Amino acid sequence: MAEFVATVYQNEFLPDGGTDVNAIVTITCTGAGTAGQSATGTVGSSTAGEIIIVDTSGSMGHETMEGAKDAAQAALAEIVDGTRFAVIAGTDSAFLAYPLVQDGPALAVMDAQSREEASSAISQFRASGGTAIGSWLDLAGSVFASVPEVTQRHAILLTDGENGEQPARLDAAIQRATGYFQCDCRGAGTDWKVEELRRVAQALLGTVDIIPSPSEMREEFRTIMQTAMGRGVADAQLRVWSPQGAQVLFVRQVAPTVEDLSDRRTTVNPLTGGYPTGAWGDESRDYHVAVRLPAKAVGQEQLAARVQLALGDDVVTQGLVKATWSNDSELTAKIDKQVAHYTGQVELASMIQEGLAAKAAGDGATATTKLGRAVQLAAETGNAEATTRLRKVVDVDDEKEGTVRLKRTVDKADEMALDTASTKTTRIKK
Amino acid sequence: MTEPRTCPSCGAAAPGESNFCEECGTALSADVLVSGAPTTPAPEAGESSPIEDMDSGPISSATTNHSATAAQESAAPVACASCGGSIGPDGYCEQCGVKALSPRDHFREQPAPWVAGVCDKGIRHHRNEDAMATSASPDGTARDRRAVLVVLDGVSNTDDSQVGSLAGAKAALAALTVPFPDGLGTDGSRVAAVTHVLTNAVKAAQAEVVAAATPEAANPASATFSAAVLEGDVVSFANVGDSRSYWLPDSSPGVQLSVDDSAAQGLIAAGMPRAEAESSPQAHAITKWLGQDSEEPTPTVGQLRITEPGWLLVCSDGLWNYASEPAQLVEQIRRTGTDDPAALALALTDYAYGQGGQDNITTVLARIPGPVLVHNADPTPTSKEQPHG
Ligand SMILES: [Zn+2]
Ligand SMILES: [Zn+2]
C-alpha cells in the first residue's frame, strides 16, 4: 500500500497586523507499487493504460524517424505485462497503428506476443504529411474510452514540428483531454514550438522536454515509461482548507517543476479547494501555499491551512500550516528558507521564459535584463543546471549583479533546452 | 471504589485519584478542570482572547503528520470556544482554525465569584508545567471569608514537572483548606501556628513533586511554590523559589509579599537595582525549590492585614517577568478596569502573551472589597520570618 507523508516548512510567526502566511508542504509517497496493479494485484486485469503517440509527418527526417521508432519500441519493452496499450501514428490526422481494430476495445493487453506485434507495426512507420496534434490527442482519448476498466490513463507524445492546426482546434482537444489522461510531451530537433508543447503537457499533468539528437530518444522514452509504470497510485487530489474569512492567494507545485495550480481549483466544500495532481509513484512533490488571514491580536495562534492529499474521498495525509502573531521581531522577521528558496525558483522560471520571449521578439534590452536577473537567481538559489543552461545563451559579466550580454550566436537547441527546463527546480540543500 | 482507568490519549494506566495522565498530561476527567465549558464566559468571537493553546517551534523546522488523524487530542472539547464550529481530529476548529484548548495547557478556575485563576502554556513553551489550585468561600464580603491561592511552577528541562506541579498544587490546597489554628491565642503563637500549617502545605506539595519522578530519574521533577491564604482580613503567604504573591490595593502603592529564592534576589539584597538584577544572566536561577534534589525545603512566610480594597495576586514568573514592580502590575490592572477576577486573570494572561509569552503563565487573583473586621489600634504589621525547625 502506498503511504503518504506531508511535511510543512514555514515561519508561522506574523508581525502585529500581518496577514499573509506562506508555507512549503512536501508530500512524499512511498510503496506506490506498479501502475494499474494496486486495485487487484493480478496480472491481466490491470487498470492502467498507455498510449505511445509518434509523429510520422513528412518533416521527420530519416534519422529522426528511425530514432523515434527505436524509442517507441524501447518504451514498449518497459510496459508491464497486463497493462492495456496502443500505438498511434500522427500526421494531418491520427491513426491507430496498434492494435489494428475497427471498433470495440482499442487497447491491447500487453504480453510477449502483443509487444512483438506492436513493435513490428512501429517498424512500418514512414514519414509523410503534416502535424495535427489536436487530432492525435482526440484519438488517444477515444482509444482510452473504448476500455472503461482502464482508469489510469497515460500517453507519451513525440513530435518534431509545429502544429499545423488552428490554435483553437488544439485548445479544444487539450480541453477534452484535461482531467482524462496524462501526457508527457517530447520535441525532437529544434523545429517545434516550446510554448505549444508546454501548453499540452501542463494541462495534461505531464512533462515537456527537448530531445536534441535522435540518439538520445531511446533512453528518454525508456525513462518516461519506467516512471509511468512506477506510478502505482492512479490519481490523487491536493486539497487546501483555509479558515472562514481567509483567502487562498495561490497554490503552486514548486518541485520537481513549477506549476501554478491556483486556476485548477475545484470546490470540495465551502472552505476546501481541490487541485488535480495526477498519478503518483515513489516521489516527493513540494507545494507552496499562500493564505491571507484577517490579522489577529499579538499572541493569538490559529490554523491557516490544512494541506491534504486525497485518494478519492480518503484524505491520506495532512500538513498543518499555522499562524501565530507576535511582536518579537526576531521571530517574525525571518523568512523560512524553503519559502525563500522556492520564491526565487519561481521567479527564475518566469525570468527565463520572459527573457527568451523578449529575445525572440527582438527586444534585446528586456531580454538582457530578464536573463540577467535569471542568472542572478540561479546563482542565489544554487540551481547549477539553470546556470549552465543560461551560460549557453548569455555571456555573464557579473553573476552576483546579474550583468549579462546576449550571445551573438546561440545554438537553437540550447535556447529551447533553457526554455523547456525553465520550470525545473532544485531542492534546497538541507 | 473507582474503576481502574487508562489515559484516552496514550493508554497509560491512571491511578483513580489523578485527573491528568502521568505519562502525557492528558486530562482524565472533565469535572475538575475547565476546558470545553469554562466557568468564565468564553470570549465573544471577533474580540476573542488570545489565550489559545500555542505550539510554537523553531524557525524552519519541519512538522510532519503521518496521517490526518495522527494528532489526536482525545481530551479536546467538541465545540470551538471561538466560533462554535466543530473541532477536527487534528485539534483545530474546522471553521475558523482556532486551536482547541488542551485541558492541561490552559485551564481556568473560579471557586467563587471573587476568586479566579488562569493557568496557561504561553507561546514559547511546548507544555504547561505551571499549576494552580484554588478554593474560596462563597461570599468575598463575609466576615468569615476564606480563600486559598496556590501556584506551582514546574521547572523546565526536568522530567514530569507538569505532573508534579499539578499534584503538588492540589496537595497544598488540601493542606490549607481547614481554618488556621489560633495557637495559644497570642499573636506570636498565632503566627507560629500559621507558619506550621504553611510549612506542612509545602511538605505536602514536596511529597507530590518527589513522587512524580522515579528515584533514578536523571532530571527529577522540581517546582517552585507560592501560596496565599486570606482569612478574614489577614493574608498569610509562603513561597519557595520565584513564584510570587502581591498585594495590590486600589489606592495605595502595591507590595510584593513573597521574597524570591533566586540569584536576582541575592543581587537585590546586595544592593543592585531590581531591574538590573532581574535582567542579569543568572537572574532566573532559583536557589530553593521542591523536588528530589531538595531536602526539606522551608518556605519564607509572612502575614499582612488588609485595610482597603484591592487585589491579592499569586503568579508565576511567566506573568511577573513582564511586570515585576507592583506599580507595573497595578498599571495593567487599571488598563483592564474590571472588578471581575476571572476577566482580570484572562487580561493579565493576554498581557503576558502580548509581551512574548516566553514562559508558562499562571495568574490567580482574589478581589478583596476591603476589610470586613473592625480592629482597634492594630499596627497592621507585615512580619516575615523563617519557620522554626
Ligand atoms: Zn496519557
Ligand atoms: Zn472555531
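K.L.:
Whenever I open this one, the overall build of chain B confuses me. Can you help?
P.N.:
For chain B, the count of helices and strands is seven helices and 17 strands. Residues classed as buried in chain B amount to 55% of the 389 residues present. By sequence separation, contacts in chain B at least 24 residues apart represent 68% of the contacts at least 6 residues apart. Working note: accessible area of chain B is about 15,800 Å², and carbon and sulfur atoms make up 53% of it.

K.L.:
Help me out: how do you make sense of the nonpolar core in this one?
P.N.:
Considering soluble globular proteins, one finds that nonpolar side chains tend to be buried as a cluster. Of all hydrophobic cores here, the largest spans 51 residues; its most connected members are Val-150, Leu-152, Leu-176, Phe-225, Val-235 and Leu-312 of chain B. Residue contributions to this core peak at seven residues, all from helix α2 (residues 187-211) of chain B. Not counting the four nearest positions on each side in its chain, Leu-152 of chain B is found in contact with Glu-129, Asp-130, Ala-131, Ser-165, Gly-168, Ala-169, Ala-205, Val-209, Ala-223, Thr-224, Phe-225 and Leu-290 of chain B. In this structure, Ala-140, Leu-170, Val-200 and Ala-417 of chain A belong to the second largest nonpolar core, which totals 36 residues.

K.L.:
Explain the pattern of salt bridges to me, please; I cannot follow it from the model alone.
P.N.:
A side chain with one charge can pair with a side chain of the opposite charge if their charged atoms come near. Residues and elements named next belong to chain B. All told, the structure shown has 36 salt bridges over all chains when counted by the stated rule. The partner of Arg-244 in a salt bridge is Asp-260, with the nearest N and O atoms 2.6 Å apart. Pair noted here: Arg-244 is in strand β11 (residues 244-249) and Asp-260 is in the loop between β12 (255-256) and α3 (263-269), with a separation of 16 residues, a long-range link. Per residue, the accessibility class of Arg-244 equals that of Asp-260, and both read buried. Between Asp-339 and Arg-367 there is a salt bridge, and its shortest N-O distance comes to 3.9 Å. Of the two residues, Asp-339 sits in the loop between α6 (326-336) and α7 (341-354) while Arg-367 sits in strand β16 (residues 361-368), which places them 28 residues apart along the sequence. With relative accessibility at 56%, the residue Asp-339 sits in the exposed group.

K.L.:
Is there a simple way to think about unusual backbone geometry in this case?
P.N.:
Note on backbone geometry: most residues besides glycine have negative phi, and most peptide bonds are trans. Between Tyr-98 of chain A and Pro-99 of chain A the backbone carries a cis peptide bond, its omega angle lying at -5°. Residue placement: Pro-99 of chain A occurs in the loop between β6 (94-98) and β7 (108-109). Backbone torsion omega between Ala-255 of chain A and Pro-256 of chain A reads 5°, so that peptide bond is classified as cis. Mapped onto the elements of the fold, Pro-256 of chain A is located in the loop between β12 (247-255) and β13 (259-260). In the Ramachandran plot, Leu-205 of chain A falls in the positive-phi region, its phi being about 55° despite a non-glycine side chain. For Leu-205 of chain A, the position within the fold is in the loop between α5 (194-203) and β10 (208-211). Overall, Leu-205 of chain A belongs to the partly exposed group, its relative accessible area being 28%. Backbone geometry places Glu-296 of chain B, a non-glycine residue, at a positive phi of 45°. Topologically, Glu-296 of chain B is positioned in the loop between β13 (290-291) and β14 (300-305).

Here is what the cut-offs are and how they apply
Within any chain, residue numbers begin from 1 and follow the written order of that chain's sequence. Here every chain gets a letter starting at A, and every ligand a number starting at 1, in the order they are written. For this predicted model, a pLDDT threshold of at least 70 governs which residues receive local features, and a threshold of 80 or more governs which side-chain atom pairs are given and counted, while totals over whole chains, interfaces and linings are taken from all residues. Excluding hydrogens and water, the side-chain figures rest on all heavy atoms present in the structure. Numbering of helices and strands starts at the N terminus; helices are DSSP runs of H or I of at least 4 residues and strands are runs of E of at least 2. Only protein chains enter the calculation, and the probe is 1.4 Å; a residue is then buried if its accessible area is under 20% of its type maximum, exposed if over 50%, and partly exposed in between. Contacts between residues were defined by any pair of non-hydrogen atoms, one from each residue, lying within 4.5 Å. To be clear on the numbers: accessible area is Shrake-Rupley with a 1.4 Å probe, and residue cover counts the displayed protein chains and nothing else. As used here, the term nonpolar core means buried Ala, Val, Leu, Ile, Met, Phe, Trp, Tyr and Cys residues forming a set that is joined through side-chain atoms within 4.5 Å. Put simply, a salt bridge is a Lys or Arg side-chain nitrogen that is within 4 Å of an Asp or Glu carboxyl oxygen.

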